[in-house]
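Chain by chain, the residues run as shown.
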Amino acid sequence: MMDRTHRVRRRIAATVCAAALVLPLAACDALTPGSATAVPGPTSVPSSTAVPDGDITLHLQFADAPLMVDALIAAFEKDHPGIDVEPQYKTFSDYVQNLKLTMTSDTAPDIAQYAVGMTDLAADGHILDLAPYREAYGWDKAIPPVSLDQLTAGQTSEATGGRALFGVPAGLSMTGIYYNKKLAAKAGIDAPPRTLDEFGKQLAAAKDADLTPLGVGALDSGGLHLWAALLNQLMPTDEYWDWVNGKKGATIENPAAVEASEDMIEWGRKGYYNESANGTAQVDSTAQFTKGDSVFLINGNWAAGQLATVMGDDVGFFPMPGEQAGSPTVASGFSVSYAVSAKTEHPEAAGAFLDFLTSPEAGQIISDNGFMPPNPDAVKKPTGVLADIAAGHRRAVADDGITTFPDFAAPAMLDRLRSGVQKLIADRVEPADYLDSLQDEWEDHHGE
Amino acid sequence: MGSRPPVRSGEARRRWRGYVYVLPAFAVYFAFAVLPALHTAYLSLFEWDGVTLGEWVGLGNYAEIFQDSILRRSVFNALVLVVFFSLVPIVLGLLSAGLLARYRRPGMGAYRFLFMLPQVVPLVAVGVTWRWLYGDDGVVNQTLRAVGLDSVARAWLGDFDAALIAVGLVGTWVLSGLCMMLFLSGVQKVEPSLYEAARIDGAGPVREFVSVTLPHLRGELAVAMTVTTVAALASFDIVYVTTNGGPGEQTTVPGLLVYRLAFSEGKVGLAAALAVVLGVLILAIVYLINRLSRDRT
């Protein structure tokens with residue numbers, strides 16, 4: 001009896017304690033998540049290009065190509081002795097995962113590398129709209145419009161009324177197909193394919209010659225690049241852009257996407273992929289390709305430096321060909337771009353740095369580091385496989401055919417794409433179901 | 001509860017004084033473990049992307065969780081991992097303890113140290129190493145091919161049927177050592193005279209194990225079950241490093257989903273709700289294990 005009253009009393013005390021802890025939490029408005037991150041300041045840069053005198057320190061946070069960034073900073077500081085740029089390097093996954101916390105904190109860097117989460121940050125006013133600088137500095141002339149369009153987050157500029165701009169590219173990327181020239185010759189393939197159909201025949205020829213036709217590293221993003229490359233050829237680019245940008249009514253559940261997915265399944269059934277594509281990381285598939293394990297390899301220009309070093313003249317590159325010989329060149333690509341935080345105290349100095357990135361001097365540094373400069377005419381002509389890539393990129397730019405990676409459509413899209421493409425490769429999903437899962441995620445993010 | 005002697009007031013005061021000594025530690029624990037947990041539970045009631053103002057959705061996140069097919073799949077995967085992280089290591093540990101209990105030799109310390117080693121290596125390093133071992137040209141496949149089992153060789157982590165088992169075996173490798181270590185130290189507490197007595201009574205190895213070794217390991221068994229089951233249900237690092245949940249959703253576990261939802265997908269409220277559900281599930285299972293092991297005593 002005694003025991004029971006004790007127990008009851010203790011239980012009541014515990015409940016009261018818990019309530020006392022939780023109730024004030026729930027009652028306090030300031031505790032509502034996100035309430036402390038509202039930005040009052042300006043959401044756009046000024047239109048003046050004058051850099052104020054005095055010592056200025058800019059903090060730059062980035063995740064790609066540290067050697068290139070160091071070289072760019074050194075050259076910039078020589079031109080602008082008053083401005084000191086402090087680089088803060090983070091590994092890519094660290095960078096992307098912490099991006100939102102970093103950019104909404106009180107200690108946000110002045111300049112930050114553009115990444116997927118920036119779209120949301122831009123919408124909330126944490127990233128400055130650079131459109132006034134685009135007009136003032138004339139970036140439209142120095143940078144191909146297709147590269148700038150990727151950085152508008154699909155918004156219009158409040159400051160200029162035109163397209164918004166949330167970053168400036170320094171070094172562009174593109175995906176495509178590498179081929180081993182010696183192995184290709186062994187399979188009777190003497191030139192890059194002109195059509196998608198011809199590429200399919202070359203894969204078959206490689207298979208007949210008892211070689212592994214296509215190296216895919218689908219453990220991470222390699223499979224996604226292949227699917228996107230096929231999609232680029234089959235789906236009208238405008239519709240693809242609408243989908244990635246979250247335009248109302250856009251959908252990936254269309255016949256072209258079904259066909260791209262079916263092609264992937266078909267190639268898997270025919271044994272065109274390396275046997276363990278789903279268990280191979282992209283870097284590993286690249287290493288296997290250098291050892292001659294496959295005739296073709298899907299990857300991006302970021303692998304070109306490594307491939308050129310190991311394979312020399314034995315490796316070539318072409319963008320995935322279109323349906324007809326005369327089809328425009330369309331390839332996935334993005335840029336190592338930099339955005340300006342709304343918390344910066346030196347928007348003019350940041351503008352000067354961004355403008356420097358568009359200069360021929362910066363272009364040469366970017367090119368020397370294996371990336372494509374925004375303005376390729378201003379730099380020395382590369383050789384070998386780097387020349388193949390530069391030529392392919394030039395064609396894609398001329399055709400307005402550089403499209404962003406499909407995971408830009410929503411923050412959770414990368415996971416859906418990666419696991420979905422693995423299922424396509426293993427012939428474990430119907431194309432319709434796969435596309436349905438993508439569209440679900442899209443609608444979840446962009447609203448009905 | 002039960003037959004406690006009545007407490008006089010002086011004694012009571014002395015008893016309360018004990019809590020004062022605990023207070024600093026409790027304050028730290030409260031600030032860094034209890035408060036964050038409460039905050040997580042609070043966040044789970046919001047739809048929040050991690051940046052903008054959150055929107056109160058009450059129990060909406062919980063409703064969403066129970067409708068999600070990927071989530072159900074991940075819970076199933078975690079339960080499969082319990083077999084590999086908990087059941088198999090405990091059986092192996094008991095076996096080894098049983099064998100060593102009968103014939104005790106010097107050098108038990110070294111033996112224990114050897115099997116404890118996997119426990120000391122960071123799990124991320126374990127994952128990376130095993131990814132190599134399981135790779136196309138990794139040691140596992142090389143060995144299989146060397147003994148003529150070419151048809152069995154495959155990219156284990158990329159194979160839809162084999163990936164979950166492959167990941168589970170990594171956990172078996174890690175946690176078997178812990179179980180063996182626990183059971184061996186338990187066995188060492190057993191009076192040698194008990195084994196002698198059993199042997200004089202004519203007990204064979206099996207009888208000895210069942211009648212002497214096993215009853216003495218009840219406490220260790222409860223600890224091993226608790227630790228390994230929690231490791232299986234809360235698994236994250238090994239899966240993240242080896243397969244990142246793939247291929248498809250074959251190795252996706254709830255811990256991985258919490259991480260993804262919160263950090264890459266910007267669904268912090270949903271992640272918090274999932275973390276709460278996972279926490280409650282783990283607490284319930286641990287409670288059950290403790291309850292069962294206590295009843296047997």
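Every value quoted in this text rests on a predicted model; they were computed, and no experiment measured them.

Engineer: How should I be thinking about the overall build of chain B in this particular structure?
Structural biologist: In terms of regular secondary structure, chain B is built from 13 helices and two strands. Along the longest, intermediate and shortest principal axes, the C-alpha atoms of chain B span 80 × 75 × 30 Å. Buried positions account for 43% of the 297 residues belonging to chain B. Here the analysis covers contacts within chain B between residues at least 6 apart in sequence; of these, 67% occur between residues at least 24 apart.

Engineer: Help me understand the confidence of the model for chain B, please; the structure alone is not making it clear to me.
Structural biologist: Residue and element names in this part refer to chain B. In the predicted model, chain B carries a mean pLDDT of 87, and 95% of its residues have values of at least 70. Averaged pLDDT values for the elements of chain B fall to 79 in helix α4 (residues 108-120) and rise to 92 in helix α10 (residues 218-233). Overall fold confidence (pTM) sits at 0.82, and the ipTM for the predicted complex is 0.80.

Engineer: Please explain a negative patch on the surface as it appears in this structure.
Structural biologist: Residues and elements named next belong to chain A. Together, Glu253, Glu259, Glu262, Glu323, Glu430, Asp433, Asp436 and Asp440 give the surface a local cluster of negative charge. Per-element tally for the negative patch: the top contributor is helix α19 (residues 431-446), with three residues. Looking at the element boundaries, Glu262 is found in helix α12 (residues 255-269). Residue Glu262 is classed as partly exposed on the basis of its relative accessible area, which comes to 43%.

Engineer: Any chance you could explain the environment of B:Trp130 here in plain terms?
Structural biologist: Residue and element names in this part refer to chain B. Within the secondary structure, Trp130 is located in helix α5 (residues 123-134). We classify Trp130 as buried; its relative accessible area is 15%. With residues up to four places along the chain from it excluded, the contact list for Trp130 reads Val170 and Trp173.

Engineer: Looking at this structure, how should I read the sheet that holds strand β3 (residues 111-113) of chain A?
Structural biologist: Paired through their backbone hydrogen bonds, the strands of a sheet run either parallel or antiparallel. All names here are of chain A. As summarised here, the arrangement of the five strands in space is β2-β1-β3-β10-β4, forming an open sheet in which the pairing is mixed. Two strands lie at the open edges of the sheet, namely β2 (83-89) and β4 (168-172), each paired on one side alone. In this sheet, adjacent strand axes meet at a mean angle of 20° when their direction is disregarded.

Engineer: Just checking my understanding: could you explain the sheet that holds strand β6 (residues 214-215) of chain A for this structure?
Structural biologist: Residues and elements named next belong to chain A. Spatial ordering of the open sheet is given by β6-β7-β5-β8, a layout of four strands whose pairing is mixed. Strands at the two margins of the open sheet, each flanked by one partner only, are β6 and β8 (315-318). Set on the sheet, helix α10 (residues 222-234) makes contact with β5 (175-180), β6 and β7 (296-300); between it and β7 the angle comes to about 95°.

Engineer: It is not clear to me how the side chain of B:Thr226 should be interpreted in this structure. Could you clarify?
Structural biologist: You can see B:Thr226 is positioned in helix α10. With sequence-adjacent residues up to four places away left out, B:Thr226 is seen in contact with B:Val286, B:Ile289 and B:Asn290.

Engineer: Is there a simple way to explain the nonpolar core in this structure?
Structural biologist: Soluble globular proteins tend to pack their nonpolar side chains together in the buried interior. With 112 residues, the main nonpolar core has A:Trp227, A:Phe296 and A:Tyr338 as its most contacted residues. For A:Phe296, the residues in contact, after removing those within four places along its chain, are A:Ile177, A:Tyr178, A:Tyr179, A:Ile189, A:Phe199, A:Gln202, A:Leu203, A:Pro213, A:Leu214, A:Gly215, A:Phe289 and A:Phe318. B:Val82, B:Val126, B:Ala153 and B:Leu256 belong to the second largest nonpolar core, which has 29 residues in total.

Engineer: Looking at this model, I keep getting lost on the environment of B:Phe236. Mind explaining?
Structural biologist: Residue and element names in this part refer to chain B. When you line up the elements, Phe236 lands in the loop between α10 and α11 (237-242). When its relative accessible area of 25% is taken as the criterion, Phe236 is described as partly exposed. Considering only alpha carbons, one finds Phe236 and Tyr42, 194 residues apart in sequence, at a separation of 23 Å. Setting aside residues up to four positions removed in sequence, Phe236 forms contacts with Gly255, Leu256 and Tyr259.

Engineer: Sorry, what's going on with helix α9 (residues 196-208) of chain A here?
Structural biologist: Residues spaced three or four apart along an α-helix face the same direction, because each turn holds 3.6 residues. All names here are of chain A. Counted at 1.5 Å a residue, the expected span for α9 with its 13 residues is 18 Å, and the 19 Å between its end C-alpha atoms agrees. Those residues of α9 not exposed but buried are Leu196, Phe199, Gly200, Gln202, Leu203 and Ala206. Along α9, the residues classed as buried sweep out an arc of 160° about the axis, all on the same side. Opposite the buried face of α9, by more than 90 degrees, sit the exposed residues Asp197, Lys201 and Asp208. Just beyond α9, the residue with positive phi is Asp210, at close to 70°.

Engineer: Please explain empty space enclosed by the protein as it appears in this structure.
Structural biologist: Vacant regions in the atomic arrangement are exposed by a probe of water-molecule size rolled over the atoms. The tally for this structure, following the rule as stated, stands at three cavities of 30 Å³ or more. In this structure, the largest cavity encloses a volume near 80 Å³. Looking at the largest cavity, it is lined by 15 residues, and the ones nearest its centre are A:Asp415, A:Ser419, B:Asn244, B:Gly248 and B:Arg260. Looking at the lining of the largest cavity residue by residue, the classes come out as two nonpolar, eight polar and five charged. By volume, the second largest cavity amounts to about 40 Å³. What lines the second largest cavity is simply A:Leu357, A:Thr358, A:Ser359, A:Pro360, A:Gly363, A:Pro373, A:Pro374, A:Asn375 and A:Ala378. By residue class, the composition of the lining of the second largest cavity is five nonpolar, four polar and no charged.

Engineer: Help me understand the interface of chain B and chain A, please; the structure alone is not making it clear to me.
Structural biologist: Of the residues lining the interface, 37 residues belong to chain B; the matching set on chain A comes to 39 residues. Counting each side, the surface lost to burial between chain B and chain A is near 3,200 Å², with a carbon and sulfur contribution of 55%. For the interface between chain B and chain A, the tally reads five salt bridges. Residue B:Glu249 is joined to A:Lys423 by a salt bridge in which the shortest nitrogen-to-oxygen separation is 2.7 Å. Across the chain B-chain A interface, the total number found is seven residue pairs in polar contact (both at pLDDT 80 or more). For the side of chain B that touches chain A, the elements supplying multiple residues, two or more each, are α1 (9-43), α11 and α12 (254-264) of chain B. Tallied by class, the residues present in the side of chain B that touches chain A amount to 17 nonpolar, 11 polar and nine charged.

Engineer: I tried to follow the packing of aromatic side chains on my own but got confused; where do I start?
Structural biologist: The geometry of an aromatic ring pair is captured by two quantities: the separation of the ring centres and the angle between the planes. Counting across every chain of the model gives 27 aromatic pairs over all chains. Ring centres of A:Trp267 and A:Tyr272 lie 6.4 Å apart, and the angle between their planes is 50°; on these two criteria the pair is classed as tilted. Judged by its relative accessible area of 6%, A:Tyr272 is buried. Between B:Phe46 and B:Trp56 the ring centres are 5.3 Å apart and the planes differ by 90°, which places this aromatic pair in the edge-to-face class. On the criterion of sequence distance, the pair formed by B:Phe46 in strand β1 (residues 46-47) and B:Trp56 in strand β2 (residues 55-56) is long-range, its members being 10 residues apart.

Engineer: What should I look at first to understand helix α17 (residues 384-398) of chain A in this one?
Structural biologist: Helix length check: α17(A) (15 residues) gives 21 Å between terminal C-alpha atoms against 21 Å at 1.5 Å per residue, within 8%. Here the buried face of α17(A) lies against β4, β5, α14 (304-311), β8 and β11 (402-403) of chain A.

Engineer: So what exactly am I meant to see when it comes to the packing of α12(A) against helix α18 (residues 413-425) of chain A here?
Structural biologist: The description of two helices packed together rests on the angle between their axes and the distance between the axes. Residues and elements named next belong to chain A. Direction vectors running N to C along α12 and α18 enclose 45°, while the axes themselves pass 7 Å from each other. The angle between α12 and α18 falls in the class oblique. Together, Ser261, Met264, Ile265 and Gly268 of α12 and Val421, Leu424 and Ile425 of α18 make up the contact between the two elements. Partitioning the contact of α12 with α18 into residue classes produces five nonpolar, two polar and no charged.

Engineer: What is the right way to look at the side chain of A:Asn254 in this model?
Structural biologist: Residue and element names in this part refer to chain A. Along the chain, the position of Asn254 falls in the loop between α11 (237-244) and α12. A polar side-chain atom of Asn254 sits 3.1 Å from the main-chain amide nitrogen of Ala256. Those residues in contact with Asn254, other than ones at most four positions away along the chain, are Met235 and Leu435.

Engineer: Would you mind going over a nonpolar patch on the surface with me for this structure?
Structural biologist: A surface patch of nonpolar side chains, amounting to about 610 Å² of accessible area, comprises B:Tyr21, B:Val22, B:Leu23, B:Phe26 and B:Tyr29. According to the relative accessible area criterion, B:Phe26 is partly exposed, its value standing at 45%.

Calculation notes
Residues numbered from 1 in each chain as written. Chains lettered and ligands numbered in written order. Predicted model: local features only at pLDDT ≥ 70, side-chain atom pairs only at ≥ 80, totals over all residues. Heavy atoms only, no water. Helix = DSSP H or I, 4+ residues; strand = E, 2+ residues; numbered from the N terminus. Buried < 20%, exposed > 50% of the residue type's maximum accessible area, 1.4 Å probe, protein only. Contact = heavy atoms within 4.5 Å. pLDDT = per-residue confidence, 0-100. Patch = residues over 30% accessible without salt bridge, like charges linked within 9 Å, V, L, I, M, F, W, Y side chains within 5 Å. Areas by Shrake-Rupley, 256 points an atom, 1.4 Å probe, with all protein chains shown as cover. Salt bridge = Lys/Arg side-chain N within 4 Å of Asp/Glu carboxyl O. Lys, Arg positive; Asp, Glu negative; His and termini not counted. Charge placed at Lys NZ, Arg CZ, Asp CG, Glu CD. Pairing = 2+ DSSP bridges. Axes fitted to C-alpha atoms, helices over the stretch in contact; angles between N-to-C directions. Core = buried A, V, L, I, M, F, W, Y, C linked by side-chain atoms within 4.5 Å. Expected span 1.5 Å × (residues − 1). Arc of directions from axis to C-beta. 1 Å grid on protein atoms, 1.4 Å probe; cavity = no way out; pocket = protein on both sides within 12 Å on 5 of 7 lines; lining within 4 Å. Points joined across faces, edges and corners; volume = space filled by probe spheres on them. Nonpolar A, V, L, I, M, F, W, Y, C, P; charged D, E, K, R; others polar. Buried area = accessible area lost by both parts, 1.4 Å probe. Polar contact = N/O pair within 3.5 Å; in protein donor to acceptor, adjacent residues only side chain to side chain. Phe/Tyr/Trp six-rings, centres within 6.5 Å; stacked < 30°, edge-to-face > 60°. Parallel < 35°, antiparallel > 145°, perpendicular 65-115°, else oblique.

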